[in-house]
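Now for the letters of each chain:
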Amino acid sequence: MNRTTLSLIAGATALAAVTGFAALSTPDASGDSTAKAAAQLPVERTSLLCPEPSSSDLAETSYTAFTPVTKGAGGSGKAELAAANGQSADGSTTGKSGKGGKKNTGAPVVRFKEPGTPVTGTAEGAETPGLIGTATGRFAPGWTVQETTQVAAGTGRGLLGTNCTAPDSEFWFPGAGTADGRTDYVHLTNPDDSAAVVDIELYGKDGARKSTLGEGITVQPHSSEPILLSTLTDETDTDVTVHVTVRSGRVAAAVQALDDKLGGDWLAASADPAGSLVLPGIPKDATDVRLVAFTPGDSDADLKLRLASPSGQITPAGNETLHVKSGMTAAVDLGDVTRGEAGSLLLTPSDTSVPVVAALRVVRGKGDKQETAFIPATAPVGARATAAGNRSKGTTLALTAPTRTTQVKVTASAGSEGGTPVTKTYTIKAGTTQNVDAPVPSGLKGTYALTVEPVSAGPVYAARTLEAAGDGVPAFTIQTLPDDRGAVAVPEAEQDLSVLQK
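Here's what I pulled together on the structure shown here. (Residues numbered from 1 in each chain as written. Predicted model: local features only at pLDDT ≥ 70, side-chain atom pairs only at ≥ 80, totals over all residues. Heavy atoms only, no water.)

1. Considering the nonpolar core
Right, on to step 1. Counting residues in hydrophobic clusters, the biggest one holds 30 residues, and the most contacted among them are Leu291, Leu347 and Leu360.
Right, on to step 2. The residues contacting Leu347, other than those within four sequence positions of it, are Gly275, Ser276, Leu277, Leu279, Leu291, Leu303, Lys304, Leu305 and Ala358.
Right, on to step 3. If you look at the next biggest cluster of nonpolar residues, it comprises 25 residues, including Val242, Val255, Leu267 and Phe374. (Core = buried A, V, L, I, M, F, W, Y, C linked by side-chain atoms within 4.5 Å. Buried < 20%, exposed > 50% of the residue type's maximum accessible area, 1.4 Å probe, protein only. Contact = heavy atoms within 4.5 Å.)

See the structure below:
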């Protein structure tokens, strides 16, 4: 799966970015030719797509967009969001209408003034379309857009949040469902001028769910298409793995998982199938945690489960391992596995490494005051990652160092309406998860962004939890923080051209 943010770099740098070469060498005619290591340069174009936020008339949606200040970025450029129904955020026509002919009523206007300061927009009700965003020049490296929706009542009530994502050609979503009481949609957004053709496959506990309705789904240009999962199969499953593949074109995909009793949230795609996975940022007061895993290969997978707590790795009592049969979705209830402490789940092979995908369904609260969020397996922070849309209260940042002690720099940006950036550095011990006391901008007004950057060796994984008051319901949403793909490797090559004169 290609999760590289799109970039356009002039001349030879563009060639390097498109082909993906980490180094470039030329035929050594005389033994005098050499090649230098690839340089990391800021990307010059980024695309992000936001799904239609809600079908509820009681929905209130906010968008926060942010670009961290990046050394070496271009001096010009712009960033803006446009409605996926073919209209721009200010109502001007830019393409064809999407399904249902949704108008742009209430669509947010989000345009940047400068990197380093978030910009916000809001929308209300069920008529808000999906959004297509493009950032160029100095706004492109690390561009992040957060979509957060609060629904006061009804199916999926609570706080729903998602990072708007780059278009791609393949997605895995373990943790969806088609059982009674669940209303799950996979949202497909096409940013391009030509139609995309998509296949959706469903896998339950007994294997693939036979259906032809998920084959050859057309997503029109500049449009967003929500597909109700229960219409693709007659069978009901508590736990389903959704596999989205693109035959032609490209799309962004996200699953909106709604429950009649447990609220709902967005389920982001799992990291690429791998033998070892990290699922960071389980809330310390989680009352129920459910692990869902799937292996797409021909071999079964046996996984060891470990919880990275503030004091080190521990084995969940009674859930030391999980067996995942090939082509079948496996799930296990871990209960209140964190027991009042910060935690992240680590999955490693018991024996032979077999690629898997995985996600956690996390529940907070009790009785009829419960809320749900999801944590997919994620890639490490890498060079840098950002979470936008943070508030002065109700923001928790979890950092995990699964293998070695690592120092991490966290920067709170200026506020969207005022405030001065603040930076703190934290040491995360090997095998632990820490809910850090994240910095808040001095004199904060509005919302702000948190940018995470490792400053010493060792992989770091991160997740951000947002909380909101919700009539006694512990409304919350969780986003993981993979690398922002703000830089691209561009090779530097040298060659002694004197050989050509001989």
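Okay, back to it.
2. Considering unusual backbone geometry
Right, on to step 1. Although it is not a glycine, His222 adopts a positive phi angle of roughly 50°.
Right, on to step 2. The backbone of Arg485 shows a phi angle near 55°, a positive value even though the residue is not glycine.
Right, on to step 3. By the element assignment, Arg485 lies in the loop between β37 (475–480) and β38 (487–490).
Right, on to step 4. A relative accessible area of 38% means that Arg485 is categorised as partly exposed. (Helix = DSSP H or I, 4+ residues; strand = E, 2+ residues; numbered from the N terminus.)

3. Focus: the layout of surface pockets
Right, on to step 1. Considering only enclosed or pocket space, the second largest pocket measures out at about 590 Å³ in volume.
Right, on to step 2. Considering the residues around the second largest pocket, the lining is formed by 30 residues, among which Ala383, Arg384, Asp484, Gly486 and Ala487 are closest to the centre.
Right, on to step 3. At the level of secondary structure, the elements contributing two or more residues to the lining of the second largest pocket comprise β2 (39–42), β30 (406–412), β35 (448–454) and β38.
Right, on to step 4. Residue classes in the lining of the second largest pocket are distributed as 14 nonpolar, ten polar and six charged. (1 Å grid on protein atoms, 1.4 Å probe; cavity = no way out; pocket = protein on both sides within 12 Å on 5 of 7 lines; lining within 4 Å. Points joined across faces, edges and corners; volume = space filled by probe spheres on them. Nonpolar A, V, L, I, M, F, W, Y, C, P; charged D, E, K, R; others polar.)

4. Topic: the sheet that holds strand β4 (residues 59–66)
Right, on to step 1. Pairing is antiparallel across the open sheet formed by four strands, whose spatial order is β6-β4-β8-β9. Bordering the open sheet on either side are β6 (119–124) and β9 (158–163), each of which pairs with just one other strand. Mean inter-strand twist for the sheet, computed between neighbouring axes without regard to direction, equals 15°.
Right, on to step 2. When β4 meets strand β8 (residues 144–151), the two strands line up antiparallel, connected through eight bridges. Residue pairing across strands places Ala59 opposite Val151, the latter belonging to β8. (Pairing = 2+ DSSP bridges. Axes fitted to C-alpha atoms, helices over the stretch in contact; angles between N-to-C directions.)

5. Looking at the sheet that holds strand β15 (residues 223–228)
Right, on to step 1. Taken together, the four strands give an open sheet; going across it, the order is β15-β11-β17-β18, and neighbouring strands pair in antiparallel fashion. On the outer flanks of this sheet lie β15 and β18 (263–267), each paired with one strand and no other. Averaged over all pairs of adjacent strands, the angle between their axes in this sheet comes to 20°, without regard to strand direction.
Right, on to step 2. Direction of pairing for strand β11 (residues 182–190) relative to strand β17 (residues 252–259): antiparallel, over a ladder of eight bridges. Among the inter-strand pairings, Val186 is bridged to a residue of β17, identified as Val255.

6. Some details on the side chain of Thr451
Right, on to step 1. As for its position among the elements, Thr451 is in strand β35.
Right, on to step 2. The class of Thr451 is buried, set by a relative accessible area of 6%.
Right, on to step 3. Filtering out sequence-adjacent residues up to four positions away, Thr451 remains in contact with Phe66, Pro68, Arg384, Ala385, Thr386, Lys409, Val410 and Thr411.

7. Here's the deal with the state of the cysteines
Right, on to step 1. Under the defined criterion, the tally for this structure stands at one disulfide.
Right, on to step 2. Linked covalently through their sulfurs, Cys50 and Cys164 form a disulfide whose S-S length is 2.0 Å. One quick way to see it: the torsion about the S-S bond of Cys50 and Cys164 is about 105°, and its sign makes the bridge right-handed. With Cys50 in strand β3 (residues 45–50) and Cys164 in the loop between β9 and β10 (170–176), this pair connects stretches of sequence that are 114 residues apart.
Right, on to step 3. For Cys50, a relative accessible area of 1% translates into the label buried. (Disulfide = S-S within 2.5 Å.)

8. Let's talk about the pattern of salt bridges
Right, on to step 1. For the coordinates displayed, the defined rule picks out twelve salt bridges.
Right, on to step 2. Of the charged contacts, one joins Arg209 and Asp237 as a salt bridge, the two residues approaching to 2.8 Å between their closest N and O atoms. In this pair, Arg209 sits in the loop between β13 (207–208) and β14 (217–219) while Asp237 sits in the loop between β15 and β16 (240–248), placing the two residues 28 residues apart along the sequence. For the pair Arg209 and Asp237, a shared accessibility class is recorded, and that class is buried.
Right, on to step 3. One network of salt bridges, with partners in common, ties together Arg209, Glu235 and Asp237. (Salt bridge = Lys/Arg side-chain N within 4 Å of Asp/Glu carboxyl O.)

9. A word on the environment of Gly77
Right, on to step 1. If you trace the backbone, Gly77 turns up in the loop between β4 and β5 (79–83).
Right, on to step 2. The partly exposed category is assigned to Gly77, whose relative accessible area is 38%.
Right, on to step 3. In this structure, the C-alpha to C-alpha distance between Gly77 and Ala135, residues 58 residues apart in sequence, is 7.3 Å.
Right, on to step 4. Once residues lying within four places of it in the same chain are set aside, the contact partners of Gly77 are Thr136, Gly137 and Phe139.

10. Thoughts on the packing of aromatic side chains
Right, on to step 1. The tally for this structure, following the rule as stated, stands at three aromatic pairs.
Right, on to step 2. When the centroid spacing of 6.3 Å and the interplanar angle of 15° are considered together, the rings of Phe171 and Phe173 count as stacked. Residues Phe171 and Phe173 agree in their burial class; the two are buried.
Right, on to step 3. Ring plane angle 40° and centroid distance 4.8 Å describe the contact between Tyr203 and Phe294, whose orientation is recorded as tilted. Here Tyr203 is found in strand β12 (residues 196–204), whereas its partner Phe294 is found in strand β20 (residues 288–294), with 91 residues between them in sequence.
Right, on to step 4. On the accessibility criterion, Phe294 (1% relative accessible area) is buried. (Phe/Tyr/Trp six-rings, centres within 6.5 Å; stacked < 30°, edge-to-face > 60°.)

Read these as geometric descriptors, not functional statements.
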